[in-house]
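Secondary and tertiary structure notes
Below are the chains, spelled out letter by letter.
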6 protein chains.
Amino acid sequence: MTKQFTHLDSHGAARMVDVSGKEQTTRTAVATGILHTTAEVVELLGADGLPKGDALATARIAGIMAAKRTWELVPLCHPIALSSVVVDLALAEDSVLITATVRTTDRTGVEMEALTAVSVAGLTLHDMVKSVDPAASLDAVRVERKEGGKSGLWERP
Amino acid sequence: MTKQFTHLDSHGAARMVDVSGKEQTTRTAVATGILHTTAEVVELLGADGLPKGDALATARIAGIMAAKRTWELVPLCHPIALSSVVVDLALAEDSVLITATVRTTDRTGVEMEALTAVSVAGLTLHDMVKSVDPAASLDAVRVERKEGGKSGLWERP
Amino acid sequence: MTKQFTHLDSHGAARMVDVSGKEQTTRTAVATGILHTTAEVVELLGADGLPKGDALATARIAGIMAAKRTWELVPLCHPIALSSVVVDLALAEDSVLITATVRTTDRTGVEMEALTAVSVAGLTLHDMVKSVDPAASLDAVRVERKEGGKSGLWERP
Amino acid sequence: MTKQFTHLDSHGAARMVDVSGKEQTTRTAVATGILHTTAEVVELLGADGLPKGDALATARIAGIMAAKRTWELVPLCHPIALSSVVVDLALAEDSVLITATVRTTDRTGVEMEALTAVSVAGLTLHDMVKSVDPAASLDAVRVERKEGGKSGLWERP
Amino acid sequence: MTKQFTHLDSHGAARMVDVSGKEQTTRTAVATGILHTTAEVVELLGADGLPKGDALATARIAGIMAAKRTWELVPLCHPIALSSVVVDLALAEDSVLITATVRTTDRTGVEMEALTAVSVAGLTLHDMVKSVDPAASLDAVRVERKEGGKSGLWERP
Amino acid sequence: MTKQFTHLDSHGAARMVDVSGKEQTTRTAVATGILHTTAEVVELLGADGLPKGDALATARIAGIMAAKRTWELVPLCHPIALSSVVVDLALAEDSVLITATVRTTDRTGVEMEALTAVSVAGLTLHDMVKSVDPAASLDAVRVERKEGGKSGLWERP
């Protein structure tokens, strides 16, 4: 087995890998996650496509703000100038689907930024609903698609 | 249905709820999550209980640091003086189990801090393994147990 | 004239004054400010008491989050454990009135936290409306009332 | 009326708009604000053009540091690499005029950064003078001039 | 040898140790450091006890602000409510002596906060003087004295 | 004497200097520092080139994360998009040698980022060892080498 983590050197020490040789190109990543909760909570969050109060807005804004701070949270991520962040929240019967789409024109991909937006939007939903549903669960936080850069398009199989 | 989110006022506006009437007592919360990845990645992370290089340490430290910043990330969380944070990572066949235990002596519970530690440790693992396994998924981020304060002990059913 | 700024020592050097001798008591502060803009902008923000979209929620949440970070922004402010933050936005004919109420149980007052919440909510409104009204102005950012602590109640004359 | 806020999508949801198609050009913005206080406070701040102690320096530095953190405070602002920030404080009879000039070579304008520098310099002055003048007021925080980018020069009418 | 680092558990994993059993008492720490530079630089910084411009104020304020953020920078430090921070800068022939005194009423000592204030004041002096003296060196960053808490007074031997 | 600090204007006021006219080129800086402690502490940190537990990893990661936040800590530093950060820790008899290498492709040098990485790695070692050696000292925090940009190569004489 010859594969290695690029974030570790040959002695296993963590490092922020050198991207100075990479090109500044437009890169996009889409990540998703699901907050599993109860039908009662979903009804409190909204109905008929209409949000009730600021609950969803709070999660959306928290996700956008967190995407910008990914490099402060994840130790080996590069600081990246994000060009756009969109966080979409869709209510299902007893769950909320979170989708984050992030774009940059920089030297490295933005899948971590999309995953961070999803996670923090999910944490904020957790916080919002916990007085009604302390047992909620955030699941399937993962990359769906990324494109741009040398490695090109990747889509979840 | 008379239940409401405590984070919204009667008009639906987001607010940071008043905890000044609550007592400063010792409160503990435990949260968990699972990074699903591949057996190959787990082997790169460690073997026989011995971590290889800084990979797990990086995630552990990221989780601890993020717990302290929960109130910066989750808009309606109160700033809390954390007394202790422990992040434990256990390697399974093709997954990593993340457990965070957080304690405070303050006016509000720390389940959001425990969930944030788990999420950011999970994001950091995502970042570490993504060059080998871009399809990894963070699942089951949820509270297992909380105790202390007026509401007392809660355990996941 | 014998008055002096408490934030400067006798040589004029900035310092964070010692509050260790003060008591931890409940303290409240209310601050206000006004964003002057156009009737067209106010109509885009909402009508008949109903906000249109996330515009007001974004400002409200930004104000709440900034209140918690006051001590990071204002160099000589003490870190304070805020018990509650409420940001209220009221639409008038061609302006938005911003009111922030902040409470703590700590060793120093929270008027700076209330002023910071108002200012950053105001900045966020500036940002929201600037594509339609680049000439908007944030005015009258000031303390209306503070109570608690040794100095007791102060109300704007 | 067809105007809309660019920060909201067609459903009213907040988003960080896509600037990846914009060019990286030099952009400058100037914002101002006025702290209205008392003649006594102004005398404590300085005389004959000479500042007394660190009071003005503290506000100047707070404004510069805040400009760099605008994107952390204002939810839908893009992270921008600032090329220069200058904060100027001019003492008048019973007020302090704050002027911030910010420059970048990036994909979006810097008027929010200039407004943030003015606001936080103003908050810091509020904090400095509050032991002598709790009734001070920060007024007229607004953009005076911006240039660069596709929309070119804008000056306050 | 039976001594161990309290920040590591029995398996060597980093953790934030539990201080919930400790008492909230007044604790003080003093740390110092020296920036070695040139006589030319010291002359530019000030003369006859009078600072020239904002150079020393910038370092003093940076040190105070950094002390409050110690727990964000040093991974295993607890968030602490600082009661006071004083940073003193004394010019010598070809060096600047930095002294930071920090006080809290909390569950753990503040020597890390004092060391952080010294280090960041020193970094800021490095930054200020580097255009004239790129060879400057920050030395002897260390604790001089700490008191309070169960371990009582410690003074550098 | 005609030299002046570039960070101060002709009146001595602090400012963030304008780098918009500079070119985006690859720039590298190397800084070092030494934590002087005891042989007993070094033995606890590792032996035979093998670290014991997370102690060194914690310092390494703290240094990397701090390098990215230099512009938040040092008031007049520009925000810079770092391309790589490596922090190396070498155990000697009774000391730890810290070396940080930072690279960017931006408009200004990264010696402050390298110095910040060294300082915060050093602070983290201070924190790790303080229960065993409260008298440890961080020394010789200085730039060893920088290259790139108009001023070209500089090496410590």
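Everything numeric here is computed off the predicted structure, so don't read it as measured data.

Some points on the pairing of strand S5 (residues 95–106) of chain F
Residue and element names in this part refer to chain F. Sheet analysis places strand S1 (residues 25–36) next to S5, joined by 12 bridges and oriented antiparallel. The partner of Thr 26 across the bridge, within S5, is Thr 105. Between strand S4 (residues 82–91) and the antiparallel strand that follows it, S5, lie 3 residues.

Some words on the relation of the copies chain C and chain E
Once chain C is rotated about the relating axis by 120° and shifted along it by 0.0 Å, it coincides with chain E to within an RMSD of 0.0 Å. Such values leave the two copies arranged in the relation of a three-fold axis. Rotation axis and chain C: the residue whose C-alpha lies nearest the axis is Ala 81 of chain C, separated from it by 4.7 Å. Counting the interface residues of chain C, we find that no more than 11% of their copies in chain E are interface residues as well, pointing to two distinct contact surfaces.

Quick notes on unusual backbone geometry
For residues that are not glycine, phi is negative in most cases, and the peptide bond is trans in most cases. Residue and element names in this part refer to chain C. Backbone geometry at Ala 140 places phi at a positive 55°, although glycine is not the residue there. Relative to the elements of secondary structure, Ala 140 occurs in strand S6 (residues 137–147). Residue Ala 140 is classed as buried on the basis of its relative accessible area of 15%.

Some words on the interface of chain B and chain A
Taken residue by residue, the interface counts 55 residues in chain B and 55 residues in chain A. Of the roughly 4700 Å² buried where chain B meets chain A, counting both sides, 67% is carbon and sulfur surface. The interface formed by chain B and chain A contains 2 salt bridges. For Glu 72 of chain A, the salt bridge is made with Arg 69 of chain B, and the minimal N-O distance between the two is 2.7 Å. Where chain B meets chain A, there are 18 residue pairs in polar contact (both at pLDDT 80 or more). Listed by contribution, the elements that provide at least two residues to the side of chain B that touches chain A are helix H1 (39–45), helix H2 (55–68), helix H3 (70–73), helix H4 (111–129) and strand S6 (137–147) of chain B. The leading source of residues in the side of chain B that touches chain A is H4 of chain B, at 12 residues. Of the pairings in the sheet, the one linking strand S6 (residues 137–147) of chain A to S6 of chain B comprises 2 bridges and is antiparallel in character.

Some details on the packing of H2 of chain B against helix H2 (residues 55–68) of chain F
Direction vectors running N to C along H2 of chain B and H2 of chain F enclose 60°, while the axes themselves pass 10 Å from each other. The orientation of H2 of chain B with respect to H2 of chain F, classified from their angle, is oblique. In the packing of H2 of chain B onto H2 of chain F, the handedness of the crossing is right-handed. Of the residues in H2 of chain F, those touching H2 of chain B at Ala 57, Thr 58, Ile 61 and Met 65 of chain B are Ala 57, Thr 58, Ile 61 and Met 65 of chain F. Of the residues contributing to the contact of H2 of chain B with H2 of chain F, the split by class is 6 nonpolar, 2 polar and no charged.

What to know about the side chain of Ser 95 of chain A
Residue and element names in this part refer to chain A. Note on placement: Ser 95 falls in strand S5 (residues 95–106). When its relative accessible area of 11% is taken as the criterion, Ser 95 is described as buried. Ignoring any residue separated from it by four or fewer positions in sequence, one finds Ser 95 in contact with Ile 34, Leu 35, His 36, Thr 37, Val 42 and Ala 90.

Here we look at the pattern of salt bridges
Residues and elements named next belong to chain D. Scanning the model with the defined rule gives 63 salt bridges over all chains in all. For the salt bridge of Glu 111 with Lys 146, the shortest nitrogen-to-oxygen distance reads 2.9 Å. With a gap of 35 residues between them, Glu 111 in helix H4 (residues 111–129) and Lys 146 in strand S6 (residues 137–147) connect regions that are remote in the sequence.

Observations concerning helix H4 (residues 111–129) of chain C
If you check H4 of chain C, its first and last C-alpha atoms are 27 Å apart, about what 19 residues at 1.5 Å a residue would give, namely 27 Å. Along H4 of chain C, 19 of the 19 residues are buried, which leaves the element largely enclosed by surrounding structure.

Brief notes about the UniProt feature "active site" (unreviewed entry) in chain A
As annotated in UniProt, the feature "active site" (unreviewed entry) corresponds to Asp 127 of chain A in the numbering used here. By the secondary structure assignment, Asp 127 of chain A is in helix H4 (residues 111–129). Residue classification places Asp 127 of chain A among the buried positions, given a relative accessible area of 3%. Ignoring anything within four residues of it in the chain, the contact list for Asp 127 of chain A reads His 7, Val 74, Leu 76, Cys 77 and Met 112 of chain B.

Let's talk about the arrangement of the chains
A gap remains between chain A and chain E, which never touch, and the nearest two C-alpha atoms on either side lie 10 Å apart. At the C-alpha level, the nearest point of chain C lies 10 Å from chain F, with no contact between them.

Comments concerning the interface of chain C and chain E
Counting residues at the interface gives 18 residues for chain C, matched by 17 residues for chain E. Roughly 1400 Å² is buried in total at the junction of chain C and chain E, and carbon and sulfur atoms are behind 58% of that figure. Scanning the region where chain C abuts chain E turns up 2 salt bridges. Counting the contacts that link chain C with chain E gives 8 residue pairs in polar contact (both at pLDDT 80 or more). Each residue belonging to the side of chain C that touches chain E can be placed in one class, and the counts come to 12 nonpolar, 2 polar and 4 charged.

Describing the UniProt feature "binding site: substrate" (unreviewed entry) in chain A
As recorded in UniProt, the feature "binding site: substrate" (unreviewed entry) lies at Leu 76, Cys 77, His 78, Met 112 and Glu 113 of chain A. Despite a sequence span of 38 residues, these residues sit close together in the fold, their greatest C-alpha distance being 12.6 Å. Within the secondary structure layout, His 78 of chain A lies in the loop between helix H3 (70–73) and strand S4 (82–91). Apart from residues no more than four positions distant in its own chain, His 78 of chain A is found in contact with Met 16, Val 17, Val 19, Trp 71, Thr 108 and Glu 113 of chain A together with Leu 82 and Ser 83 of chain F. Within the local environment of His 78 of chain A, its side chain forms a polar contact with the backbone oxygen of Val 17 of chain A, the two atoms lying 2.6 Å apart. The topology assignment puts Glu 113 of chain A in helix H4. Filtering out sequence-adjacent residues up to four positions away, Glu 113 of chain A remains in contact with Ala 67, Thr 70, His 78, Ile 80, Leu 82 and Val 102 of chain A.

Quick word on the packing of aromatic side chains
Taken as a whole and judged by the stated rule, the model has 6 aromatic pairs over all chains. Both rings, one in Trp 71 of chain A and one in Trp 71 of chain D, keep their centres 6.3 Å apart while their planes meet at 50°; by these two values the pair is tilted. Of this pair, Trp 71 of chain A sits in helix H3 while Trp 71 of chain D sits in helix H3 (residues 70–73), on two different chains. The class of Trp 71 of chain A is buried, set by a relative accessible area of 6%.

Brief notes about the environment of Ser 137 of chain C
Inspection of the secondary structure assignment puts Ser 137 of chain C in strand S6. Judged by relative accessible area, Ser 137 of chain C falls into the buried class, the value being 7%. A C-alpha to C-alpha distance of 16 Å links Ser 137 of chain C and Ala 90 of chain C, two positions 47 residues apart in sequence. Other than its neighbours up to four places away in sequence, Ser 137 of chain C contacts Ile 34, Leu 35, His 36 and His 126 of chain C together with Ala 140, Val 141 and Arg 142 of chain D. At a separation of 3.0 Å, a polar atom in the side chain of Ser 137 of chain C contacts the side chain of Asp 139 of chain C.

Calculation criteria
Residues numbered from 1 in each chain as written. Chains lettered and ligands numbered in written order. Predicted model: local features only at pLDDT ≥ 70, side-chain atom pairs only at ≥ 80, totals over all residues. Heavy atoms only, no water. Pairing = 2+ DSSP bridges. Helix = DSSP H or I, 4+ residues; strand = E, 2+ residues; numbered from the N terminus. Least-squares fit on C-alpha atoms with pLDDT ≥ 70 in both. Contact = heavy atoms within 4.5 Å. Buried < 20%, exposed > 50% of the residue type's maximum accessible area, 1.4 Å probe, protein only. Buried area = accessible area lost by both parts, 1.4 Å probe. Salt bridge = Lys/Arg side-chain N within 4 Å of Asp/Glu carboxyl O. Polar contact = N/O pair within 3.5 Å; in protein donor to acceptor, adjacent residues only side chain to side chain. Axes fitted to C-alpha atoms, helices over the stretch in contact; angles between N-to-C directions. Parallel < 35°, antiparallel > 145°, perpendicular 65-115°, else oblique. Left-handed = near helix turned anticlockwise from the far one by under 90°. Nonpolar A, V, L, I, M, F, W, Y, C, P; charged D, E, K, R; others polar. Expected span 1.5 Å × (residues − 1). UniProt positions renumbered as here; feature names shortened; annotations may be inferred. Phe/Tyr/Trp six-rings, centres within 6.5 Å; stacked < 30°, edge-to-face > 60°.

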